[in-house]
Amino acid sequence: MKKINLAITGCMGRMGQQIIRSVKSNSSFKIVSLTENKHVNKKINGIKLSVNNEDSFKKANLIIDFTIPKCTFEVLELAVKLKKRVVIGTTGFNKKEENLIKKFSKKIPILKAGNMSLGINLLMYLTEIASGSLGKNFLSKVFEIHHKYKKDYPSGTALMLGKGIATGKKKNFYTLLGKKYLNKKTFPYSKKINFNSIRRGKVIGEHEVKFSSGKEIITLNHEAYDRALYSEGALLAAKWLMNKKAGLYSMRDLMNFNK
């Protein structure tokens with residue numbers, strides 16, 4: 001079986017490094033390019049690091065991007081020009097940027113997920129079901145914990161779960177978006193969706209969705225113990241995307257939740 005030539009952006013970051021480690025034990029891939037957003041005079045696994053440009057991506061079949069929104073759009077511009085598939089794990093996009101990604105996906109296959117974990121994506125699906133089933137009497141909120149180095153909040157995963165709540169209610173997420181708290185011991189329910197983000201220690205990721213009627217509380221949660229689950233999910237997404245036409249896909253497509 002022919003290996004998939006892989007380019008990894010943000011290769012010095014936490015997820016970039018983890019994907020490199022995961023590729024070593026995955027026979028489906030061969031890393032042909034490692035990039036950063038600035039020149040770094042270094043080699044990893046015999047590959048010299050480069051910046052995002054056409055030469056960096058020419059030999060790749062697919063690009064995995066875990067960077068920041070600005071870098072992601074640099075990568076997408078190049079990917080469209082070179083007709084390369086892209087798996088996006090970057091988070092922190094605003095509504096305008098989300099719409100721009102949709103435009104890029106009309107030209108190339110893109111799989112975008114705020115979290116590559118199969119378990120988290122199952123949690124999102126269950127969140128949608130719960131939100132749609134419980135009705136108007138239940139208020140909801142989202143809680144998450146990540147390591148102290150994570151800059152954005154709420155996390156991409158927490159926002160995914162918020163969108164799951166909105167989807168279940170058949171409402172626009174942005175009209176339901178409530179307050180965003182940071183490092184609060186407690187935070188309130190609301191008619192909108194409130195978020196609380198904790199940043200501490202080396203926590204890989206904990207996410208919790210709560211629904212309350214005032215008489216009962218339903219809790220859905222997920223805890224991650226090994227960062228490899230994200231990189232393995234990204235590689236699974238990359239392999240799956242190789243057979244797809246231009247379009248914007250998610251992990252739920254991979255997991256057949258939409259059928």
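Details of the structure are given in the entry above.
Scope of this entry: the structure provided in the associated data block. Fair warning: this is a prediction, and the values are worked out from it, not measured in the lab.

## Let's talk about the pattern of salt bridges
So, point 1. The final tally for this structure, using the stated rule, is seven salt bridges.
So, point 2. Among the ionic pairs, K112 bridges to E98, the shortest N-O distance being 3.2 Å. Of this pair, K112 sits in strand β8 (residues 109-112) while E98 sits in helix α4 (residues 95-104), and the two are 14 residues apart along the sequence. You'll find K112 and E98 in the same group, each marked buried.
So, point 3. One salt-bridge network, held together by shared partners, links E98, K112 and K163.

## Digging into the sheet that holds β8
So, point 1. Here we have seven strands laid out as an open sheet, ordered β5-β2-β1-β6-β7-β8-β14, and parallel in their pairing. Each edge of the sheet is formed by a strand with only one pairing partner; in this case those strands are β5 (50-51) and β14 (247-249).
So, point 2. Two strands pair when backbone bridges link them, and strand β7 (residues 85-88) and β8 are joined in this way by three bridges, in the parallel orientation. Looking at the pairing, I88 lines up with K112 of β8.
So, point 3. The strands touched by α4 within the sheet are β7, β8 and β14, with β8 carrying the most contacts at an inclination of about 145°.

What counts, and where the lines are drawn
- Residues numbered from 1 in each chain as written.
- Predicted model: local features only at pLDDT ≥ 70, side-chain atom pairs only at ≥ 80, totals over all residues.
- Heavy atoms only, no water.
- Salt bridge = Lys/Arg side-chain N within 4 Å of Asp/Glu carboxyl O.
- Helix = DSSP H or I, 4+ residues; strand = E, 2+ residues; numbered from the N terminus.
- Buried < 20%, exposed > 50% of the residue type's maximum accessible area, 1.4 Å probe, protein only.
- Pairing = 2+ DSSP bridges.
- Contact = heavy atoms within 4.5 Å.
- Axes fitted to C-alpha atoms, helices over the stretch in contact; angles between N-to-C directions.

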